[in-house]
Amino acid sequence: MTKHEKSENVDTEIRIETDTITLGQFLKLADVIQSGGMAKWFLSEHDVFINGEQDQRRGRKLAINDKIKIPGIGSFVIAR
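In this text, all values refer to a predicted model and were calculated from it rather than measured experimentally.

Calculation criteria
- Residues numbered from 1 in each chain as written.
- Predicted model: local features only at pLDDT ≥ 70, side-chain atom pairs only at ≥ 80, totals over all residues.
- Heavy atoms only, no water.
- Pairing = 2+ DSSP bridges.
- Helix = DSSP H or I, 4+ residues; strand = E, 2+ residues; numbered from the N terminus.
- Core = buried A, V, L, I, M, F, W, Y, C linked by side-chain atoms within 4.5 Å.
- Buried < 20%, exposed > 50% of the residue type's maximum accessible area, 1.4 Å probe, protein only.
- Contact = heavy atoms within 4.5 Å.
- Salt bridge = Lys/Arg side-chain N within 4 Å of Asp/Glu carboxyl O.

1. A word on the sheet that holds strand 6 (residues 67–70)
To summarise the sheet geometry, strands pair through backbone hydrogen bonds and adopt either a parallel or an antiparallel arrangement.
Working step 1: Overall, mixed pairing links the 5 strands, which are arranged 1-7-6-3-4 in an open sheet. Looking at which strands have only one partner, the edges of the open sheet turn out to be strand 1 (11–15) and strand 4 (53–54).
Working step 2: Bridging between strand 3 (residues 49–50) and strand 6 involves 2 bridges; their strand directions are antiparallel. Directly across from Ile-50, in strand 6, lies its bridge partner Ile-68.

Below, the structure written as structure tokens:
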């Protein structure tokens, strides 16, 4: 079990200082990927749901209270 799998049923808060963050930046901030350069590959290999809708765009803007679910990895919520 990875550190992300144990929290799949609980939303992990990811705090940001700005109003928005891109999906690619979020993946790095949440320790889902190790570098921003991995975002394109990760999104091509994994389903990502934002507020219940699938989205694979690394430039997708996420805002406070957005919920991100990545099956097999975890559930997250953007917070300030």
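2. Comments concerning the nonpolar core
Working step 1: The biggest cluster of nonpolar side chains holds 20 residues, and the ones touching the most others in it are Phe-26, Leu-27, Val-32, Phe-42, Ile-68 and Ile-70.
Working step 2: Counting residues per element, the ones that place at least two in this core are helix 1 (23–29), helix 2 (39–45), strand 6 and strand 7 (74–79).
Working step 3: Ignoring anything within four residues of it in the chain, the contact list for Leu-27 reads Val-32, Ile-33, Ala-39, Phe-42, Leu-43 and Ile-70.

3. Brief notes about the pattern of salt bridges
Working step 1: Evaluation of the coordinates by the stated rule reveals 5 salt bridges.
Working step 2: One salt bridge connects Glu-13 with Arg-15, and the closest N-O pair in it is separated by 2.8 Å.
Working step 3: The class for Glu-13 is partly exposed, based on a relative accessible area of 45%.
Working step 4: Arg-57 is paired through a salt bridge with Asp-55; the nearest N and O atoms lie 2.7 Å apart.

4. Quick look at unusual backbone geometry
Working step 1: Although it is not a glycine, Asn-51 adopts a positive phi angle of roughly 50°.
Working step 2: Its location among the elements puts Asn-51 in the loop between strand 3 and strand 4.
Working step 3: Under the relative-accessibility criterion, Asn-51 is labelled partly exposed at 43%.
Working step 4: Here the phi dihedral of Asn-65 falls at roughly 80°; this positive angle occurs in a residue that is not glycine.
Working step 5: In this structure, Asn-65 sits in the loop between strand 5 (61–63) and strand 6.

5. Quick look at the environment of Lys-40
Working step 1: With respect to the helices, strands and loops of the structure, Lys-40 is situated in helix 2.
Working step 2: The spatial distance from the C-alpha of Lys-40 to the C-alpha of Arg-57 is 8.3 Å, given a sequence separation of 17 residues.

6. Things to note about the side chain of Asp-55
Working step 1: By the element assignment, Asp-55 lies in the loop between strand 4 and strand 5.
Working step 2: Excluding residues within four positions of it along the chain, Asp-55 makes contact with Leu-23, Val-48, Ile-50 and Arg-60.

7. Structural notes on the environment of Ile-33
Working step 1: Examined against the element boundaries, Ile-33 turns out to sit in the loop between helix 1 and helix 2.
Working step 2: Leaving out residues up to four positions away in the same chain, Ile-33 has contacts with Gly-24, Leu-27, Lys-28, Met-38, Ala-39 and Phe-42.

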